[in-house]
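Summary of the model geometry
So the chains spell out like this:
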Amino acid sequence: MDPIVASASVLAAAFAVGLAAIGPGIGQGNAAGQAVEGIARQPEAEGKIRGTLLLSLAFMEALTIYGLVVALVLLFANPFS
Amino acid sequence: MLNLVPNSFVPLLAELEVGKHFYWEIGGLKIHGQVFLTSWFVIAALVIISVLASRKVERIPTGVQNLMEYALEFIRDLAKNQIGEKEYRPWVPFVGTLFLFIFVSNWSGALIPWKLLHLPSGELAAPTNDINTTVALALLTSLAYFYAGFSKRGLGYFARYIEPTPILLPINILEDFTKPLSLSFRLFGNILADELVVAVLVLLVPLFVPLPVMILGLFTSAIQALIFATLAAAYIGEAMEGHGAEEHE
Amino acid sequence: MNWTLILAEEAGGLFDLDATLPLMAIQFVILAVILNAVLYKPLGNAIDGRNDYVRTSLAEAKERLAQAEKVAQQYEQELADTRRKAQSVVAAAQAEAQTLAAEQVAQAQQEAQAQREQAQKELDQQKAAALSSLEGQVDDLSRQLLDKLLSIAA
């Protein structure tokens, strides 16, 4: 394998996960904060809020996972090798 | 394969094997044997527990029947919420099987030490750890919501592609492709990432340290099964009721 | 680092789509059919049956409760009636007793009055008799006195 391609792939994989983690991180923080606010305002709705929060957190998590999948492709199934 | 550590260093249990498969050949077609082995295990487990649960149905449920009734009520609620009170009943088997199959697959991958069983190539893991399984499930979901839309609304189903404005036609068509893609990749990526993280941690520190990550993995596995089933039900419901704009007119 | 991304070449890798996919789909559909037969139908029927049972027994219980309440109300009414009747009986008896007592008292008073009047009458008679006898004596005495005076004078 071309060493340039190899090094570029490793870098790209690192960036893919790292950058993909930024947005969902902010989003999850926002969502969790709002959820806590909601629970503080309406403690009796805690169960419902928690369920919705977990579901939406998983959706956001999926975005990072997409980045991870790209990184895995670059590392383990590199199309340019 | 990326060799993370020198070979002499690799502990017995932990080896990072990504993208290796245990091939079977059936009629000139290659299939992934390890996926089928674990999926048969999962299917057998599901069928056995279902038969146990419904073998002697009692009015006051106990034991396995209670457990499965709880699961069924959960699935029904899920389908009812997403598809609607009127239409949800015929879709309970599909959505429920999606949920149960993915859930048991994920947990079997996380809880059962498949790696102790050595295969000639590749290793046993959750069936959902393989892209084929998740794509198959996602394509079935696509088929299901197409079928639901057609059987409910006939050719009028196509009206939803130009629903807000005909300008959105390409995006609406694209949506049909991104739906199964995101469904399959979400599930596949989550399960694979989970198993990889655990494997890397086990590789580095074989004792105790991976435990919290494993528990987190159990949690995300369950959530992913829930998400897959919820989204499938939501797509089906959406295909049956059409876009919101039509209802307001 | 040893870069050997050979897996993609020797047929494999992460994104290896092959005949596993359709077979898995078929397997899944079969699983759905089997689970429909052994899980969703019987347990769904059981759940629905139980819901019906609960609903009907709830309705029955409500009906019974309403009936019981009605009976209780009836009893209460009867109780109130009886109490009222008893009260009226007591009042009647009291009134009767009172009138009886008043009558007797009146009679006794009348008797007493009559006796007193008779006694008064007797007293008056005796007084009159005594007065008349006294008058006779006064007449006698005055005649004797007159005789004596006449005798002396004569």
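The structure reproduced in this document is the subject of the present report. (Residues numbered from 1 in each chain as written. Chains lettered and ligands numbered in written order. Predicted model: local features only at pLDDT ≥ 70, side-chain atom pairs only at ≥ 80, totals over all residues. Heavy atoms only, no water.)

1. Side note on the pattern of salt bridges
A complete count under the given rule lists 12 salt bridges over all chains for this structure. Between arginine 50 of chain A and glutamate 46 of chain A there is a salt bridge, with its nearest N and O atoms 3.1 Å apart. Taken together, the residues arginine 50 of chain A and glutamate 46 of chain A, both in helix α2 (residues 46-76) and four residues apart, mark about one turn of the helix. Exposure remark for arginine 50 of chain A: the relative accessible area of 45% places this residue in the partly exposed category. By relative accessible area, glutamate 46 of chain A is classed as partly exposed at 33%. Notably, a salt bridge pairs aspartate 52 of chain C with arginine 55 of chain C, separated by 3.3 Å at the nearest N-O pair. With aspartate 52 of chain C and arginine 55 of chain C both in helix α1 (residues 20-153), this residue pair falls three residues apart, about one helical turn. Residue aspartate 52 of chain C is classed as partly exposed on the basis of its relative accessible area, which comes to 41%. Here the salt bridges do not stand alone but share partners, grouping Arg76 and Arg89 of chain B together with Asp48 of chain C into one network. (Salt bridge = Lys/Arg side-chain N within 4 Å of Asp/Glu carboxyl O. Helix = DSSP H or I, 4+ residues; strand = E, 2+ residues; numbered from the N terminus. Buried < 20%, exposed > 50% of the residue type's maximum accessible area, 1.4 Å probe, protein only.)

2. As for the interface of chain C and chain B
Note: interface size is frequently given as the accessible area lost on complex formation between the parts. The interface of chain C with chain B comprises 39 residues on the first partner and 54 residues on the second. Taken together, the two surfaces of chain C and chain B that pack against each other cover about 4100 Å², and 71% of this comes from carbon and sulfur. Area buried by chain C at its contact with chain B is led by Met24, Phe28 and Tyr40 of chain C, which between them contribute 16% of it. For the pair chain C and chain B, the interface holds three salt bridges. Among the salt bridges present, the one from aspartate 48 of chain C reaches arginine 76 of chain B, with a minimum N-O distance of 3.1 Å. Taken together, chain C and chain B are joined by 12 residue pairs in polar contact (both at pLDDT 80 or more). (Contact = heavy atoms within 4.5 Å. Buried area = accessible area lost by both parts, 1.4 Å probe. Polar contact = N/O pair within 3.5 Å; in protein donor to acceptor, adjacent residues only side chain to side chain.)

3. Some remarks on the layout of surface pockets
Of the pockets and cavities examined, the largest pocket occupies roughly 860 Å³. Around the largest pocket, the lining is made up of 25 residues, and of these Phe74, Leu78, Phe99, Phe103 and Leu226 of chain B lie nearest the centre. Those elements giving two or more residues to the lining of the largest pocket turn out to be α2 of chain A together with α1 (33-54), α2 (63-83), α3 (92-111) and α6 (210-241) of chain B. Of the residues that constitute the lining of the largest pocket, the class distribution is 19 nonpolar, five polar and one charged. (1 Å grid on protein atoms, 1.4 Å probe; cavity = no way out; pocket = protein on both sides within 12 Å on 5 of 7 lines; lining within 4 Å. Points joined across faces, edges and corners; volume = space filled by probe spheres on them. Nonpolar A, V, L, I, M, F, W, Y, C, P; charged D, E, K, R; others polar.)

4. What about the packing of α1 of chain B against α2 of chain B?
Residue and element names in this part refer to chain B. Direction vectors running N to C along α1 and α2 enclose 110 degrees, while the axes themselves pass 7 Å from each other. Put simply, α1 runs roughly perpendicular to α2. Here the hand of the crossing between α1 and α2 comes out left-handed. On α2, the residues touching Ile49, Ser50, Leu52 and Ala53 of α1 are Val64, Gln65, Leu67 and Met68. (Axes fitted to C-alpha atoms, helices over the stretch in contact; angles between N-to-C directions. Parallel < 35°, antiparallel > 145°, perpendicular 65-115°, else oblique. Left-handed = near helix turned anticlockwise from the far one by under 90°.)

5. A closer look at the environment of leucine 17 of chain C
Take leucine 17 of chain C: it is sitting in the segment before α1. Separated by 28 residues in the primary sequence, leucine 17 of chain C and asparagine 45 of chain C have C-alpha atoms spaced 40 Å apart. Those residues in contact with leucine 17 of chain C, other than ones at most four positions away along the chain, are Ile131, Asn132 and Val135 of chain B.

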